[in-house]
Amino acid sequence: SVDNDGPVILSDGNDTPATATPLTLAEDPSGSGLWLAFGSDSIDPAAPSDNWSDPDYWSFGALAGDILSIAVDTPATDVDPYVELHDAGYCNLASDDIDGPNGDAFFSRYKILTSGTYYVKVGKNYISTVSGAYELRVEIVRGIDLEQEQNYSNDTPASANHLDLQVVGNHRQGKVAGTIMEAEGASTDQDVFGWGALNAGVTIELGTTIPSSGTLGARISLVDADGLAVADTDGDPDDGHFLGSLPASGFYYARLEANAGAGHHAQYVLDVDITDNRPAEVVSVDGLPDDGLTTDKTLTSFSVTFDEEMAPAGVNAANPFTAQYNGSTYVLVRETRTWA
């Protein structure tokens, strides 16, 4: 069936893996790397001392390297859901019954290791006797990152998700998907992402894209380690876009909130683009002799501290032991190799 929130699969009689209701994942927005599927069913009966008085199975296909989140929300009922992820051999890979909004079931950022068919098994809390409807959501990302959140956990700079950025010329860029969950009482969901220290004067642009099935009216800001907002120069501080320059060196974070529409269909894709025309500078070097001095001791390690976060792969690729003699360089290896 189709409702105002987009396509939702309704199911009946899916109480075994063999009769699992197939979920169709669709990339939305197109080309974003975010794939979504939605389903709806009910738990009835809800017998005490049993997670599976009415088990519901859902199936979907996933690829090795996919990262997924699964949510079972109950915005219209008092059902206390429980959810498990099973592989093709029906082994339980992950489960939850409390980390979603208002104690609903949610687990995030599970990495798929093997391509194949996977199953979502929905039940209810062991002691609960409340029956009723639930809404299921499967989020998968390919080629981008995915928010990790348990019970509104990433809502401050201190608990921010770390976002790995790729260097493209003088830009550092990254992309991550997530969901702004329904409020829990007076507490609203905020998703915060960080990427390490940056220098004053760096320009940061943040943008959000909303799926066609989405309900989220996004508001995004850039905050420092104390949660204080940086001036947004794009003309509207309350929209889903930020553009500004850093007033001082330090750690900064993207904070995403809802102007409206938080909940089961409040997905987003966040784009981060940092323009840095200033090269990093060395702050300190430890483990080497002071300037102008030498040593006859063997140095096993030393550390270099920069004034911003560095990409370690460029200088730490293999850590080989090398030595120079008569114009040649020799590398110590642990196994026989060819010259090629």
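Residues numbered from 1 in each chain as written. Predicted model: local features only at pLDDT ≥ 70, side-chain atom pairs only at ≥ 80, totals over all residues. Heavy atoms only, no water.

Caption draft 1: Structural context of the overall build of the protein chain. Within the protein chain, the secondary structure is distributed over 0 helices and 27 strands. Principal-axis analysis of the C-alpha atoms gives the protein chain an extent of 80 × 60 × 35 Å. Going through the 340 residues of the protein chain one by one, you find that 42% of them count as buried. Looking at the protein chain alone, contacts between residues at least 24 apart form 75% of all its contacts between residues at least 6 apart. (Helix = DSSP H or I, 4+ residues; strand = E, 2+ residues; numbered from the N terminus. Buried < 20%, exposed > 50% of the residue type's maximum accessible area, 1.4 Å probe, protein only. Contact = heavy atoms within 4.5 Å.)

Caption draft 2: Local environment of the packing of aromatic side chains. Taken as a whole and judged by the stated rule, the model has 3 aromatic pairs. Aromatic pair Trp52 and Tyr82: ring centres 5.4 Å apart, planes at 55°, arrangement tilted. Of this pair, Trp52 sits in the loop between β6 (34–43) and β7 (56–62) while Tyr82 sits in strand β9 (residues 81–86), placing them 30 residues apart in sequence. Its end group placed over the ring of Trp35, Arg142 keeps NZ or CZ at 4.7 Å from the ring centre. (Phe/Tyr/Trp six-rings, centres within 6.5 Å; stacked < 30°, edge-to-face > 60°. Lys NZ or Arg CZ within 6 Å of the ring centre and 35° of its normal.)

Caption draft 3: How the structure looks around the side chain of Ser40. Of note, Ser40 is situated in strand β6. By relative accessible area, which is 19% here, Ser40 ends up buried. A distance of 3.4 Å separates a polar atom in the side chain of Ser40 from the backbone oxygen of Tyr134. (Polar contact = N/O pair within 3.5 Å; in protein donor to acceptor, adjacent residues only side chain to side chain.)

Caption draft 4: Just the pairing of strand β22 (residues 250–260), in detail. Pairing analysis gives 6 bridges linking strand β18 (residues 191–198) to β22, with the strands arranged antiparallel. The residue bridging Asp191 from the neighbouring strand is Leu256, located in β22. One ladder, built from 8 bridges, connects strand β20 (residues 217–224) with β22; its direction is antiparallel. Following the sheet pairing, Asp224 is matched in β22 by Tyr252. (Pairing = 2+ DSSP bridges.)

Caption draft 5: Examining a nonpolar patch on the surface more closely. On the surface, Val282, Val285, Leu288, Leu299, Phe302, Val304, Phe306 and Met310 cluster together to form a nonpolar patch covering roughly 660 Å² of accessible area. Put simply, the parts of the chain that give the nonpolar patch at least two residues each are β24 (282–286) and β25 (303–306). Taking relative accessible area as the criterion, Leu299 reaches 42% and is therefore assigned partly exposed. (Patch = residues over 30% accessible without salt bridge, like charges linked within 9 Å, V, L, I, M, F, W, Y side chains within 5 Å. Areas by Shrake-Rupley, 256 points an atom, 1.4 Å probe, with all protein chains shown as cover. Salt bridge = Lys/Arg side-chain N within 4 Å of Asp/Glu carboxyl O.)

Caption draft 6: Focus on the sheet that holds strand β15 (residues 161–162). Reading across from one edge, β15-β18-β22-β20 is the order of the 4 strands in this open sheet, with mixed pairing throughout. Either end of the sheet is taken by a strand with one partner, and the two such strands are β15 and β20. Relative to β18, β15 runs parallel, the two being bridged by 2 bridges. Along β18, the bridge assignment pairs His162 with Gly194.

Caption draft 7: Spotlight on the side chain of Glu149. For Glu149, the location among the structural elements is in the loop between β14 (145–146) and β15. Within the buried core, Glu149 has no salt-bridge partner, and the shortest N-O distance to an opposite charge, that of Arg137, equals 8.1 Å. (Lys, Arg positive; Asp, Glu negative; His and termini not counted.)

Caption draft 8: A look at the sheet that holds strand β4 (residues 21–22). Ordered by their spatial adjacency, 5 strands build an open sheet running β4-β7-β12-β9-β10, and the pairing between neighbours is mixed. In the strand order of this sheet, the two ends are held by β4 and β10 (92–96), each with one partner. Bridging between β9 and β10 involves 4 bridges; their strand directions are antiparallel. In the sheet register, Glu84 faces β10, and the bridge partner there is Ser95.

Caption draft 9: Local environment of the pattern of salt bridges. Summed over all chains, the structure comprises 9 salt bridges. Between Asp73 and Arg137 there is a salt bridge, with its nearest N and O atoms 3.5 Å apart. Note that Asp73 is positioned in strand β8 (residues 67–73) and Arg137 in strand β13 (residues 132–141), a separation of 64 residues in sequence. Linking Asp271 and Lys175 is a salt bridge whose minimum nitrogen-to-oxygen distance equals 3.5 Å. One end of the pair, Asp271, is in strand β23 (residues 267–275); the other, Lys175, is in strand β17 (residues 171–179), and 96 residues separate them in sequence.

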